[in-house]
Amino acid sequence: MDTPAPSHLDALIDALRRLPGVGVKSAQRMAYHLLQHDRASALRLADALRAAAEHVRHCRRCHGLSETELCAICADPERDTRQLCVVEGPADLAALERTRSYRGLYFVLKGRLSPLDGVGARDIGAAELLERAGDGQVQEVILATSFTAEGEATAHVLAQALKARGLQVTRLARGVPAGSELEYVDLSTIAHALVDRR
């Protein structure tokens, strides 16, 4: 006996559930809200998703998201081509750009190493990074991966490969957040701040 096809509501809940950090209950709440209280926003969301899926692609140079072959950052002649900042994903690039403190170029990885999940250097674009960094213009590679175990492992593996090619490699500093009181900061952060003091 054939199982019945999922209803449109079930399909919507399943689609929303695939977003990071969204479980079944949250997906249900979103679907019910959109369909019961805000159908106009539901249609606008559908149109925006379709347009983005059809028109947004990866920049051929940095692998960030762009609607053109070369993103605005890579196409900007005012950017410092001697610096290349390596991030785990497009959201990290956007966060660094919001600081307005970095004027170099970027390389966006396809995530971070996770051996337990079967994600290796090839899966995150390490070969493409080495090729990009070895273009003859890049002098410093800034590793801006997260400070999780996977992010640290990714930074370590990439640093070894980049240094072997004669490139200067630096890592984002870490430490006590501005405006915080030491008694409330976790011990690992305090320890790293002491080691990385300047």
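**Student:** Talk me through the sheet that holds strand S3 (residues 80-87); I want residue IDs and the actual numbers.
**Tutor:** Spatially, the four strands line up as an open sheet ordered S4-S3-S5-S6, and their pairing is parallel. The strands lining the two open edges of the sheet, one partner per strand, are strand S4 (104-108) and strand S6 (168-171). On average, each strand axis in the sheet is inclined to that of its neighbour by 25°, with strand direction left out of account. As defined by bridge partners, S3 adjoins strand S5 (residues 140-143) across four bridges and the pair is classed as parallel.

**Student:** Run through the pattern of salt bridges, naming residues and quoting values.
**Tutor:** Oppositely charged side chains can form a pair if their charged atoms are brought close together. Following the criterion strictly, the structure yields 11 salt bridges and no others. Ionic pairing is found between glutamate 69 and arginine 60, a salt bridge with its closest N-O pair at 3.0 Å. Where salt bridges share partners, they join Asp14, Arg17 and Arg18 into one cluster.

**Student:** Now, about the packing of helix H7 (residues 126-133) against helix H8 (residues 149-164): what can you tell me, with residues and values included?
**Tutor:** In contact at an axis separation of 11 Å, H7 and H8 are set at 35° when each is read in the N-to-C sense. Here H7 and H8 pass one another in a crossing that is right-handed. Residues Ala126, Leu129, Leu130 and Ala133 of H7 pack against Leu158, Ala161 and Leu162 of H8. Here the residues of the contact of H7 with H8 are counted per class, giving seven nonpolar, no polar and no charged.

**Student:** Residues and numbers for the side chain of arginine 79, please.
**Tutor:** The residue arginine 79 is located in the loop between helix H4 (72-75) and S3 in this model. What makes arginine 79 buried here is its relative accessible area of 6%. Reaching out from arginine 79, the side chain makes a polar contact with the side chain of glutamate 97 at a distance of 2.8 Å. Those residues within four positions of arginine 79 in sequence are excluded, and the remaining contacts are Ile73, Glu97, Tyr102, Arg103, Gly104, Leu105 and Tyr106.

**Student:** I'd like to hear about the environment of lysine 163, residue by residue, with values.
**Tutor:** Among the structural elements, lysine 163 can be located in helix H8. Note: C-alpha distance between lysine 163 and alanine 95 (68 residues apart in sequence) is 26 Å.

**Student:** Break down helix H2 (residues 24-37) for me, with residues and values.
**Tutor:** Side chains that are three or four residues apart share a direction in an α-helix, a result of its 3.6 residues per turn. Between its first and last C-alpha atoms H2 spans 19 Å; for 14 residues at 1.5 Å apiece the expected length is 20 Å, and the two agree. For H2, the complete set of buried residues consists of Ala27, Ala31 and Leu34. Each buried residue of H2 sits inside an arc of 70° when the element is viewed along its axis, so together they form one side. Every exposed residue of H2 that faces more than 90 degrees away from the buried side is listed here: Lys25, Arg29, Gln36 and His37.

Conventions and cut-offs
- Residues numbered from 1 in each chain as written.
- Predicted model: local features only at pLDDT ≥ 70, side-chain atom pairs only at ≥ 80, totals over all residues.
- Heavy atoms only, no water.
- Pairing = 2+ DSSP bridges.
- Helix = DSSP H or I, 4+ residues; strand = E, 2+ residues; numbered from the N terminus.
- Axes fitted to C-alpha atoms, helices over the stretch in contact; angles between N-to-C directions.
- Salt bridge = Lys/Arg side-chain N within 4 Å of Asp/Glu carboxyl O.
- Left-handed = near helix turned anticlockwise from the far one by under 90°.
- Contact = heavy atoms within 4.5 Å.
- Nonpolar A, V, L, I, M, F, W, Y, C, P; charged D, E, K, R; others polar.
- Buried < 20%, exposed > 50% of the residue type's maximum accessible area, 1.4 Å probe, protein only.
- Polar contact = N/O pair within 3.5 Å; in protein donor to acceptor, adjacent residues only side chain to side chain.
- Expected span 1.5 Å × (residues − 1).
- Arc of directions from axis to C-beta.

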